[in-house]
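# Overview (structure and organization)
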Amino acid sequence: MSTLDYDYKIDVIVDKIRDLNAKNIILQFPEGLKSDAVSIANDIEGILDDVNVIIDADPCFGACDLADVKVNRHIDLVVHFAHTPLPIKTDCPVLFVEAHSSADIEAPILDAISSFDDNVKTVGLITTTQHIHKLDEMIKIIEEEGYTVKLDNGMGTSKGQVLGCNFTSIKYLDVDVIVYVGSGDFHALGVKLFTQKPVLLADPFIGKSRQIEEFHDKILRIRFARICKAKEAKSFGIIMSSKKGQLRFDLAIKLKQLIKEHGYEAQILNMDYISPELLLPYKLDAFVMTACPRIAIDDSAMYKKPLLTPQELEIVLGLRQWDDYQMDEIIVHDEQT
Ligand code: SF4
């Protein structure tokens, strides 16, 4: 996908570099925007020819995954694109550049509204950082069609904003239907899993909307199968992240104790980048994820052994019923500012 419709706010970046008198800066992009990295680096160096711009080429999954932890003493500023800050301490100044999309939001929202049934009166609205600057426009479009729009601030999010691991801005709203403005199944699936309400995904990049039910049902069937398989496990690996924004130390320790209390073996594995290959050497039957809550759900097919969320582990241990299935979230961060 071409990303040239994003506003990278070069003027804001240049002002920040001048304010800090920074000489060496590192740019950090999520995967979907990395194809613009060279162009952005050239633009900055074209304006400030005495500044060294370095591109962070490692994977970047969110604001939980800041490059500040791996910069060397030469780096004066991290510029992190496309995510909003999380409440975590940083080792180096960080400028967050939200990279707003200019994609039209009216057509997909009107398409979503056209599929509402007659009972719909209230609409919960939610979107991601890349479209959040159009929130007022979204509200106006829905209200002009005669519906009441409800939004929430959430905890650690701004009004109407959803993160892949934080659904607090939508999960407590009492509404008839939820419109998620964004692309891909990732966030809409989470909204559906948390709310169990009808969710319409209004995609600004294709100008249409669609239901999420079928995908949601498929994921739940997969989760059920993984939980059943994990019930055969005798030993568990608890994955703890070394990324500051994904670190849940206390939870990892608590889960280890809990598993042992139920008569199974358990060890904690500390990891930065998490992949199936890195887990292969460990003689463990199943894994529990305390890092990014989405890895167990979204990357499930890549892992041969069951990879569970903490809530799914509770089902395995008989501490939670399947009917009370919940997604995992990271609301409070270990390393708060
Ligand atoms: S923990 Fe996962 S879902 Fe949450 S911000 Fe990081 S990458 Fe996104």
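Residues numbered from 1 in each chain as written. Predicted model: local features only at pLDDT ≥ 70, side-chain atom pairs only at ≥ 80, totals over all residues. Heavy atoms only, no water.

Taken together, the neighbourhood of the ligand is formed by Phe61, Cys64, Gly164, Cys165, Gln246, Cys292, Pro293 and Arg294. More than half of the atoms belonging to the ligand lie within 2 Å of the grid points that define the largest pocket. The class makeup of the residues in the shell around the ligand is five nonpolar, two polar and one charged. (Near = heavy atom within 4 Å. 1 Å grid on protein atoms, 1.4 Å probe; cavity = no way out; pocket = protein on both sides within 12 Å on 5 of 7 lines; lining within 4 Å. Sits in = over half its atoms within 2 Å of the grid points. Nonpolar A, V, L, I, M, F, W, Y, C, P; charged D, E, K, R; others polar.)

Judged by side-chain charge, Asp7, Asp11, Asp15 and Asp19 come together as a negatively charged surface patch. Within the element layout of this structure, aspartate 19 appears in helix α1 (residues 10-20). (Patch = residues over 30% accessible without salt bridge, like charges linked within 9 Å, V, L, I, M, F, W, Y side chains within 5 Å. Areas by Shrake-Rupley, 256 points an atom, 1.4 Å probe, with all protein chains shown as cover. Salt bridge = Lys/Arg side-chain N within 4 Å of Asp/Glu carboxyl O. Lys, Arg positive; Asp, Glu negative; His and termini not counted. Charge placed at Lys NZ, Arg CZ, Asp CG, Glu CD. Helix = DSSP H or I, 4+ residues; strand = E, 2+ residues; numbered from the N terminus.)

Another point: the layout of surface pockets. Empty space within the largest pocket amounts to approximately 1,200 Å³. Forming the walls of the largest pocket are 45 residues, and the residues nearest its centre are Phe61, Gly62, His83, Phe186 and His187. Looking at the lining of the largest pocket, the elements that each hand over two or more residues are α5 (185-195) and α9 (293-298). Of all the elements, α9 adds the most residues to the lining of the largest pocket, at four residues. (Points joined across faces, edges and corners; volume = space filled by probe spheres on them.)

Pairing is mixed across the open sheet formed by five strands, whose spatial order is β8-β7-β9-β10-β11. Single-partner strands in this sheet number two, and they are β8 (148-150) and β11 (208-211). Ignoring which end each strand starts from, the neighbouring axes of this sheet average 30° apart. Examined bridge by bridge, strand β9 (residues 177-181) and strand β10 (residues 199-203) share four bridges and lie parallel to one another. (Pairing = 2+ DSSP bridges. Axes fitted to C-alpha atoms, helices over the stretch in contact; angles between N-to-C directions.)

What follows covers the packing of aromatic side chains. Under the counting rule described, the total for this entry stands at nine aromatic pairs. Ring geometry for phenylalanine 224 versus tryptophan 322: centroids 5.0 Å apart, planes at 70°, classification edge-to-face. Taken together, the residues span a long stretch of sequence, with phenylalanine 224 in helix α6 (residues 213-230) and tryptophan 322 in the segment after α10 (310-316) at a distance of 98 residues. For phenylalanine 224, a relative accessible area of 42% corresponds to the partly exposed category. On the basis of relative accessible area, tryptophan 322 is assigned to the partly exposed category, the value being 27%. (Phe/Tyr/Trp six-rings, centres within 6.5 Å; stacked < 30°, edge-to-face > 60°. Buried < 20%, exposed > 50% of the residue type's maximum accessible area, 1.4 Å probe, protein only.)

Further remarks concern the domain arrangement of the protein. Examined at the domain level, the protein breaks down into domain 1 (6-101), domain 2 (106-211) and domain 3 (223-324). The partner domain 2 presents nine residues to the nine residues of domain 1 that form the contact. At the boundary of domain 1 with domain 2, total buried surface from both sides reaches about 670 Å², with 51% on carbon and sulfur atoms. In this assembly, domain 1 and domain 2 are joined by zero salt bridges. Across the contact surface, domain 1 and domain 2 share three residue pairs in polar contact (both at pLDDT 80 or more). Here the side of domain 1 that touches domain 2 is built from residues that sort into four nonpolar, four polar and one charged. (Domains from an automatic or database assignment. Contact = heavy atoms within 4.5 Å. Buried area = accessible area lost by both parts, 1.4 Å probe. Polar contact = N/O pair within 3.5 Å; in protein donor to acceptor, adjacent residues only side chain to side chain.)

Another aspect to go through is the nonpolar core. Formed by 40 residues in total, the largest nonpolar core has its most connected members in Val191 and Phe236. When residues of this core are traced back to their parent elements, those giving at least two are β9, α5, β10, α6, β12 (235-241), α7 (249-261), β14 (286-289) and α10. Counting residues domain by domain, this core receives three or more from each of domain 2 (106-211) and domain 3 (223-324). Ranked by size, the runner-up nonpolar core spans 25 residues in total, among them Tyr6, Ala22, Val51 and Ala82. (Core = buried A, V, L, I, M, F, W, Y, C linked by side-chain atoms within 4.5 Å.)

Let's shift gears to the environment of aspartate 203. You can see aspartate 203 is positioned in strand β10. Among the residues examined, aspartate 203 registers a relative accessible area of 8% and is labelled buried. Along the sequence, aspartate 203 and tyrosine 180 sit 23 residues apart, while their C-alpha atoms lie 8.3 Å from each other. Excluding its chain neighbours within four sequence positions, the residues that come into contact with aspartate 203 are Pro108, Gly182, Ser183, Gly184 and Lys208.

Now for the pairing of β11. The pairing of β10 with β11 spans four bridges and is classified as antiparallel. Bridging across to β11, leucine 201 finds its partner in arginine 210. Count of turn residues in the β10/β11 antiparallel hairpin: four residues, of which glycine 207 carries a positive phi of about 75°.

Here we come to the packing of helix α3 (residues 106-114) against helix α4 (residues 135-144). Contact geometry for α3 and α4: axes closest at 10 Å, N-to-C directions at 35°. Handedness of the crossing formed by α3 with α4: right-handed. Contact residues: α3 offers Glu106, Ile109, Leu110 and Ile113, while α4 offers Met138, Ile141 and Ile142. (Left-handed = near helix turned anticlockwise from the far one by under 90°.)

Turning our eyes to something else, we now look at the side chain of aspartate 56. By secondary structure assignment, the location of aspartate 56 is in the loop between β3 (52-55) and β4 (77-81). The exposure class assigned to aspartate 56 is buried, which follows from its relative accessible area of 8%.

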